[in-house]
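A closer look at the structure
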Amino acid sequence: MKRFFRTFKNQLWFFRATWPPLLLAVCCMALVRLHAPLWWGGLCVIGAVLLCLDSLARHREFRALRHSVRLARGLSGEALARFRAARSTWCSRRAAIAAAQAEGFGADARSLVSGWGYKPWHVFPDRAFSLRSPFFRSSFWLSVLGLGR
């Protein structure tokens, strides 16, 4: 019985860390149901697959950051550096906050994020609508696919 609850608790943290890309993937799959041209459905399926891969990448990032926070016993040193590196996208921020919260430092993580000026409605990556947009960089897409960062 203990093993069941431990597994359930770990899965709950998985969803806390990866809910943004999973929610967007569900929205993409809901858009497939629209009576639209075939190319639209294909784009939605491709988007859903990319978002599922992003969810797996955020889970990997969550595990690494949680391990760093556990070793540092808080948001300091390497854990703080990893936390800062995860601040540029909404999905990464959610995973980083969930990792800190899993180790008991959620309030510190939320105060850091709000101190950096991020609000709950900041869902686009930093500089998304500029010439230096991350959408134009291969490192962003490698991170989405779980191959980078």
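Heads up: the structure comes first, above all this text.
The structure reproduced in this document is the subject of the present report. As the structure is a computational prediction, the values presented were derived from the model and not from experiment.

**Section: unusual backbone geometry**
Of note in this structure, Arg-73 is not a glycine but carries a positive phi near 55°. On the secondary structure map, Arg-73 appears in the loop between helix H2 (38-72) and helix H3 (78-85).

**Quick look at the pattern of salt bridges**
Inspection of every chain in the model, using the stated rule, returns five salt bridges. With a closest N to O distance of 2.5 Å, Arg-58 and Glu-61 form a salt bridge. You can see Arg-58 and its partner Glu-61 sitting in helix H2, three residues apart, about one turn around the helix. Among the residues examined, Glu-61 registers a relative accessible area of 16% and is labelled buried. One salt bridge in this structure joins Arg-70 and Glu-103, with 3.1 Å as the shortest N-O distance. Residue Arg-70 is found in helix H2, and its partner Glu-103 is found in the loop between helix H4 (90-102) and helix H5 (106-115); the two are separated by 33 residues along the sequence. Look at Arg-70 and you get partly exposed, because its relative accessible area is 45%. Taken together, the shared-partner salt bridges connect Asp-54, Arg-58 and Glu-61 into one network.

**A closer look at the side chain of Ser-68**
Tracing the backbone through its elements, the reader meets Ser-68 in helix H2. Here Arg-82 takes part through its side chain, which lies 3.1 Å from a polar atom of the side chain of Ser-68. Those residues in contact with Ser-68 that sit more than four places away from it in its chain are Glu-78, Ala-79 and Arg-82.

**A short note on the packing of H4 against H5**
Packing of H4 against H5 brings their axes to within 7 Å, and their N-to-C directions diverge by 150°. Between H4 and H5, the crossing angle belongs to the class labelled roughly antiparallel. Seen from H4, the contacting residues are Arg-93, Ile-97, Ala-100 and Gln-101; seen from H5, they are Gly-106, Ala-109, Arg-110 and Val-113. When grouped by side-chain class, the residues that make up the contact of H4 with H5 number four nonpolar, two polar and two charged.

**Examining the packing of aromatic side chains**
Each aromatic ring pair is specified by the distance between its two centres and by the angle formed by the two planes. Taken as a whole and assessed by the stated rule, the structure comprises three aromatic pairs. On the numbers, 5.4 Å between centres and 90° between planes, the contact of Trp-19 with Trp-90 is edge-to-face. Remark: Trp-90 occurs in helix H4 and Trp-19 occurs in helix H1 (residues 2-32); sequence separation between them is 71 residues. Taken together, a centroid distance of 6.1 Å and an interplanar angle of 90° make the contact between Trp-39 and Trp-40 edge-to-face.

**A closer look at the environment of Ala-57**
Inspection of the secondary structure assignment puts Ala-57 in helix H2. With relative accessibility at 7%, the residue Ala-57 sits in the buried group. With 35 residues separating them in the primary sequence, Ala-57 and Ser-92 have C-alpha atoms 9.2 Å apart. In this structure Ala-57 touches Ser-143, Val-144 and Gly-146, once residues within four positions along its chain are discounted.

**Here's the deal with the environment of Arg-110**
With respect to the helices, strands and loops of the structure, Arg-110 is situated in helix H5. When the C-alpha atoms of Arg-110 and Pro-20 are compared, they prove to be 17 Å apart, with 90 residues separating the residues in sequence. Filtering out sequence-adjacent residues up to four positions away, Arg-110 remains in contact with Ile-97 and Gln-101.

**Comments concerning H5**
Taken together, the buried positions of H5 are occupied by Gly-106, Ala-109 and Val-113. Angularly, the buried residues of H5 cover 65° about the axis, an arc narrow enough to put them on a single face. Exposed and oriented more than 90 degrees from the buried face of H5 are Ala-107 and Gly-115. At its buried positions, H5 is contacted by H3 and H4.

Conventions we followed
Residues numbered from 1 in each chain as written. Predicted model: local features only at pLDDT ≥ 70, side-chain atom pairs only at ≥ 80, totals over all residues. Heavy atoms only, no water. Helix = DSSP H or I, 4+ residues; strand = E, 2+ residues; numbered from the N terminus. Salt bridge = Lys/Arg side-chain N within 4 Å of Asp/Glu carboxyl O. Buried < 20%, exposed > 50% of the residue type's maximum accessible area, 1.4 Å probe, protein only. Polar contact = N/O pair within 3.5 Å; in protein donor to acceptor, adjacent residues only side chain to side chain. Contact = heavy atoms within 4.5 Å. Axes fitted to C-alpha atoms, helices over the stretch in contact; angles between N-to-C directions. Parallel < 35°, antiparallel > 145°, perpendicular 65-115°, else oblique. Nonpolar A, V, L, I, M, F, W, Y, C, P; charged D, E, K, R; others polar. Phe/Tyr/Trp six-rings, centres within 6.5 Å; stacked < 30°, edge-to-face > 60°. Arc of directions from axis to C-beta.

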